[in-house]
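# Structure at a glance
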Amino acid sequence: MKIFKRILLALLVLIIVVGGVIYFWLRSTAPDYSGNVHIKGLQDQVSVVYDHYGVPHVYAQNAHDAYFAFGYVHAQDRLFQMAMLRRVMEGRLSEILGKNFVEDDEYMRTLSINKMAQQWADAFMKNADQPVKDEVQAYLDGINSFIENHKLPVEFTLLNFKPAKFTVKDVFGIIGYMALTFTDALAENPVASRIYDKWGPAYLKDLGLDSISNTEYYHHSKDIILSGLFKNVRSLQDLTPMPIWEGSNNWVVSGKHSKSGKVLLANDTHIKYSQPAVWYEAYLQYPGFDMYGYYLAGIPFALVGHNDHYGWGLTIFPFDNLDLYAEKVNPADSNQVWHDGAWQNDSIDHQIIKVKGEKDIPFDIRYTVHGPILNGAFKNVTHKSDQEVSMWWSPLHMNSTSLQALYDMNNAVDMADFKKGVSLIDVVGLNVAYGDTDGNIAWWGAGKIPQRKDSLVNPKLILNGTNPANDVIGFYPFDKNPQSVNPPSGILNTSNNMPPAVDGYIYPGYYYPGYRAARVRQMLESKPKWTIQEMEKIQLDTHSDRDLKLTQLILTHMGGTPSDPKVVNALENWDGNYDTASVGATIYTQLIYFVLRDAMMDETGPQDFKKLCGLNLLHSSIERLLEDSTSVWWDNVNTKAKETRADIFKQAFSETVTALRNQLGNDVSTWKWGKVHQLMNVHPIGTRPPFDRLFNVGPFPIQGSNEVVDKEAFAYNEHGVYPVTSGPALRFLIDFANTDHALSIIPTGQSGNFLSPHYADQAIMYVKGEYRPQITLRQDIKNGTVLTLIPK
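Predicted, not measured: the structure shown is a model, and the values here were computed from it.

For the rest of this paragraph, the subject is the overall build of the protein. Looking only at helices and strands, the protein features 24 helices and 31 strands. Per-residue burial over the protein gives 63% buried out of 792 residues. At a minimum sequence separation of 6, the contacts of the protein that also span at least 24 residues come to 71%.

Structure follows, in structure tokens:
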């Protein structure tokens, strides 16, 4: 008995010791928010004051030390995010994750972001101004100092790798990857081409595919005959916490519309949810400079920000900057294509993909005059298996000035100076909304817009690669980009909607239908003057006039006696708002799914219909389809009878009632939106148990819907549960009468380290629609902690 007790005691002691060792090891990998750290590379001492939400306020004596310190503190909160972004961009996931990721690596290598980034970095080091080069390098030195001198976050132990030092090429690579995420957000799904091929152009009309950009200004066919170009981006997004941009809102109003008499600026960037959060907030100050900004992992300059004189916000300006070309290959030499009346030699890039636990895999990438051939990495690029297709993507055909642009925007002295920085934005299309204390407001549609030899070329089609008339010949000058400065109305707003024509021409693009932009404008014009606190209601608005109108349309044209008067009554009394307590929102959303399914799935098939349910292509076409009583979609092609819109409405209503009663019970009053519409912020490590409990943040009931201002996007489905996929990655409001107390919120928290107290400390505030102040005065930081970085 004594021996047994001794064994139990020994086991207990062992468990306590092992548990203690693991605990203290884990704690050693957590960020340091206070104390003294002696670091090589600094010129003077730097104070980093952390506020209540873990936002670092960096106070330095010079630019070098400010950016070195920022790199260091950025890394201790977001190093894993930086490292995974770099591995995805380089096509090196299989090196640490194994053979299942070889296709993903082939995909990224074919898109050539890493090769492009090296070219950009070389040009940057040769041509950029010295101050921007110095600050970029100081930031990288800070990141690398953390890597060399601090215990790494636990994710690196779980995946068994240590990140290499970061270089200028990596900064440009992350910018290039960011540009790709914008492009993927614009890409139409190949399901459209299958509909066209099988059923003809009549079926494209109600999807808006009979015009080039969902507007009446174009009359060309828009069938998209590629399949699979972006098949892997969505899965890659699960591994990299810089997911695709799926919409945004910004607006700026002049002093005549504000109660303070000064300019008001608002921004909310809509991005796929992830953990850690996409944006990292920080305040940098040294003699002659201060900036409170939102930063992306691995990029030293703020993409959204403000100081005591000016500020700006961003949305996507989704012009088309990617073309596909059907190449004519020489039957006598597979490394030549016919172009401009002659056989042109391809270039070949021989690469090696290293795979964990496996042999290295050779991988070749062919480049035509247009760009990389996609067929090697993308199976079935077109429906013709023997047709080779190359990709012209604008970032591959320029030496990017994006870092210089961000530097200039962060260091501007006035609006004219800031505009010079905006004019250097090149690899992505951005709507930049600007305001300042001088009373100026402005909007610039920034980015290099492709210019073609023939303005009638339809860039939505796979183009004939042999014909030089289809080629891009350059880019429009910045003064031809859409823009507006100090308009008489005193209001500027964008929500990824189509901009005004320039010289009578609308640049081809993948613009959103305009519901959000119209709603924001309607609200801004609903009262003469605003405060930023009142503007919170605009950012948090969940009302949809469209969905309210469609509800009445269905009820009016359903035909026959409704199968459940209580459900009809709930729909009739719905106010069109998607708050978490709404019953009407739950019924309408399920009803719309069944209307769409009953109308479309007989033509598309289950697989393509499921894809359509998650696409803006369908979300933005619902009104057009439901209002067209003569649409070919209403007839079920699998029956002899000719079904009508009324038949589909009635059938869908019956299916909705049955589904919701089975799912949520018989008490209609309990069918609340928050039960079925929820947010989970998923970490790359948290995709499987038991790590999901440690790393993921949520789930939370959350308001919002597709194409309302608070766009909390989801895919329609038969199950009646709608996990939110994307939404505002930041909410930002500033009154230039009080620049020291702007308002902000991000979805989870500042840190990507799950042991940090700031890993998820904003999550509950976010789903409640609350804000916190952005503090720029040191004396206003209450109960902050100080990390002092001392030269070694």
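Structure shown, so let's carry the discussion forward.
This paragraph deals with helix H21 (residues 645-664). In this model H21 runs 28 Å from its N-terminal to its C-terminal C-alpha over 20 residues, within 8% of the 28 Å that 1.5 Å per residue would give. Every buried residue of H21 is accounted for by Arg645, Ile648, Phe649, Ala652, Phe653, Thr656, Val657, Ala659, Leu660 and Leu664. Buried positions along H21 lie against helix H15 (545-557), helix H16 (565-572), helix H17 (584-604), helix H20 (622-627) and helix H22 (673-676). At the C-terminal side of H21, glycine 665 shows a positive phi close to 95 degrees.

Sheet strands pair by backbone hydrogen bonding; their relative direction is either parallel or antiparallel. In spatial order, the strands read E1-E31-E2-E3-E6-E7-E8-E9-E17-E18-E22; together these 11 strands make up an open sheet with mixed pairing. Across the chains shown, the open sheet's two edge strands, defined by having one partner strand only, are strand E1 (35-39) and strand E22 (483-485). Across the sheet, the axes of successive neighbouring strands diverge by a mean angle of 20 degrees, strand direction being ignored. In the sheet, strand E2 (residues 46-50) pairs with strand E3 (residues 56-59) via four bridges, with the strands oriented antiparallel. Bridge pairing in E3 places valine 48 opposite valine 58.

Time to look at the sheet that holds strand E10 (residues 322-327). Taken together, three strands build an open sheet; the order of strands is E16-E10-E20 and the sheet is mixed. Each edge of the open sheet carries a strand with a single partner, namely strand E16 (388-393) and strand E20 (462-464). Direction aside, the axes of adjacent strands within the sheet are offset by 40 degrees on average. Pairing between E10 and E20: three bridges, direction parallel. The residue of E20 that forms the bridge with alanine 326 is asparagine 464.

It is worth spelling out the pattern of salt bridges at this point. In the structure shown here, the tally under the stated rule is 26 salt bridges. When the shortest N-O distance is used, the salt bridge between lysine 259 and glutamate 534 registers 2.8 Å. Note that lysine 259 is positioned in the loop between strand E4 (245-253) and strand E5 (264-272) and glutamate 534 in helix H14 (residues 532-539), a separation of 275 residues in sequence. When the shortest N-O distance is used, the salt bridge between arginine 731 and glutamate 712 registers 3.6 Å. On the criterion of sequence distance, the pair formed by arginine 731 in strand E28 (residues 731-735) and glutamate 712 in the loop between strand E25 (697-701) and strand E26 (722-723) is long-range, its members being 19 residues apart. Owing to a relative accessible area of 1%, arginine 731 belongs among the buried residues under this scheme.

Moving on, we come to the packing of aromatic side chains. The tally for this structure, following the rule as stated, stands at 43 aromatic pairs. Ring plane angle 75 degrees and centroid distance 5.0 Å describe the contact between phenylalanine 317 and phenylalanine 319, whose orientation is recorded as edge-to-face. Take phenylalanine 317 and phenylalanine 319: they sit in the same class, and that class is buried. Connected via pairs of aromatic rings, a cluster forms that spans Trp574, Tyr578, Tyr588, Trp673, Phe714, Tyr716 and Tyr722. Between the NZ or CZ atom of lysine 527 and the centre of the ring of tryptophan 530, over which it lies, the distance is 4.8 Å. Between arginine 546 and the ring centre of tyrosine 515, over which it is positioned, the NZ or CZ distance is 5.0 Å.

The element strand E29 (residues 741-745) is largely enclosed, with a buried count of four among its five residues. Examined bridge by bridge, E28 and E29 share three bridges and lie antiparallel to one another. Bridging across to E29, leucine 733 finds its partner in leucine 743. Counting the residues in the hairpin turn of E28 and E29 gives five residues.

A separate point is the packing of helix H13 (residues 515-524) against H14. Between H13 and H14, the least distance of the axes is 10 Å, while the angle of their chain directions is 150 degrees. If you check the angle between H13 and H14, you find them roughly antiparallel. Here H13 and H14 pass one another in a crossing that is right-handed. Contacts from Val520, Met523 and Leu524 of H13 reach H14 at Met535, Lys537 and Ile538. When its residues are assigned to classes, the contact of H13 with H14 shows five nonpolar, no polar and one charged.

As for its position among the elements, asparagine 696 is in the loop between helix H23 (691-695) and E25. For asparagine 696, the side chain forms a polar contact with the main-chain nitrogen of histidine 683, separated by 3.0 Å. Once residues within four sequence positions are removed from consideration, asparagine 696 is found in contact with Met680, Asn681, Val682, His683, Gly686 and Phe691.

Note that predicted coordinates carrying low pLDDT should not be read in detail. With 89% of its residues at a pLDDT of 70 or more, the protein has an overall mean of 90. For the stretch residues 184-189, pLDDT sits under 50, and the model shows 15 contacts to residues farther than four places along the chain or on other chains. With pLDDT under 50 throughout, residues 210-236 is counted as low confidence; its partners more than four residues away or in other chains account for 94 contacts.

Okay, H17 next. For H17, spanning 21 residues, the distance from its first C-alpha to its last is 29 Å, which sits close to the expected 30 Å at 1.5 Å a residue. Maximum bend of H17: about 40 degrees, positioned at aspartate 598. Along H17, 20 of the 21 residues are buried, which leaves the element largely enclosed by surrounding structure. Once H17 ends, the next one or two residues include glycine 605, with phi positive near 85 degrees.

Core analysis: the biggest nonpolar cluster contains 154 residues, and Leu79, Phe418, Val432 and Leu789 have the highest contact counts within it. Not counting residues within four places of it along the chain, the set of residues in contact with phenylalanine 418 comprises Tyr310, Trp312, Met409, Ala412, Val432, Tyr434 and Trp444. Judged by nonpolar contacts, the second largest core, of 54 residues, contains Tyr203, Leu553, Ala570 and Tyr593.

It is at 8 Å that the axes of H17 and H21 come closest, and there the two elements cross at 130 degrees. By the angle between their axes, H17 is oblique relative to H21. The element H17 and its partner H21 pack so that their crossing is right-handed. Across from Thr586, Ile587, Gln590, Leu591, Phe594, Val595, Arg597, Asp598 and Ala599 in H17, the residues of H21 making contact are Ile648, Phe649, Gln651, Ala652, Phe653, Glu655, Thr656, Ala659, Leu660, Gln663 and Leu664.

Locating histidine 758 in the fold gives a position in the loop between E29 and helix H24 (763-767). Taking the relative accessible area as the measure of exposure, histidine 758 reaches 10% and is therefore buried. Apart from the residues lying within four places of it in its own chain, the contact partners of histidine 758 are Tyr33, Asp51, His52, Tyr53, Gly54, Gly749, Gln750 and Ser751.

How each quantity is defined
- Residues numbered from 1 in each chain as written.
- Predicted model: local features only at pLDDT ≥ 70, side-chain atom pairs only at ≥ 80, totals over all residues.
- Heavy atoms only, no water.
- Helix = DSSP H or I, 4+ residues; strand = E, 2+ residues; numbered from the N terminus.
- Buried < 20%, exposed > 50% of the residue type's maximum accessible area, 1.4 Å probe, protein only.
- Contact = heavy atoms within 4.5 Å.
- Expected span 1.5 Å × (residues − 1).
- Pairing = 2+ DSSP bridges.
- Axes fitted to C-alpha atoms, helices over the stretch in contact; angles between N-to-C directions.
- Salt bridge = Lys/Arg side-chain N within 4 Å of Asp/Glu carboxyl O.
- Phe/Tyr/Trp six-rings, centres within 6.5 Å; stacked < 30°, edge-to-face > 60°.
- Lys NZ or Arg CZ within 6 Å of the ring centre and 35° of its normal.
- Parallel < 35°, antiparallel > 145°, perpendicular 65-115°, else oblique.
- Left-handed = near helix turned anticlockwise from the far one by under 90°.
- Nonpolar A, V, L, I, M, F, W, Y, C, P; charged D, E, K, R; others polar.
- Polar contact = N/O pair within 3.5 Å; in protein donor to acceptor, adjacent residues only side chain to side chain.
- pLDDT = per-residue confidence, 0-100.
- Bend = angle between axes of the 7 residues up to and from the residue.
- Core = buried A, V, L, I, M, F, W, Y, C linked by side-chain atoms within 4.5 Å.

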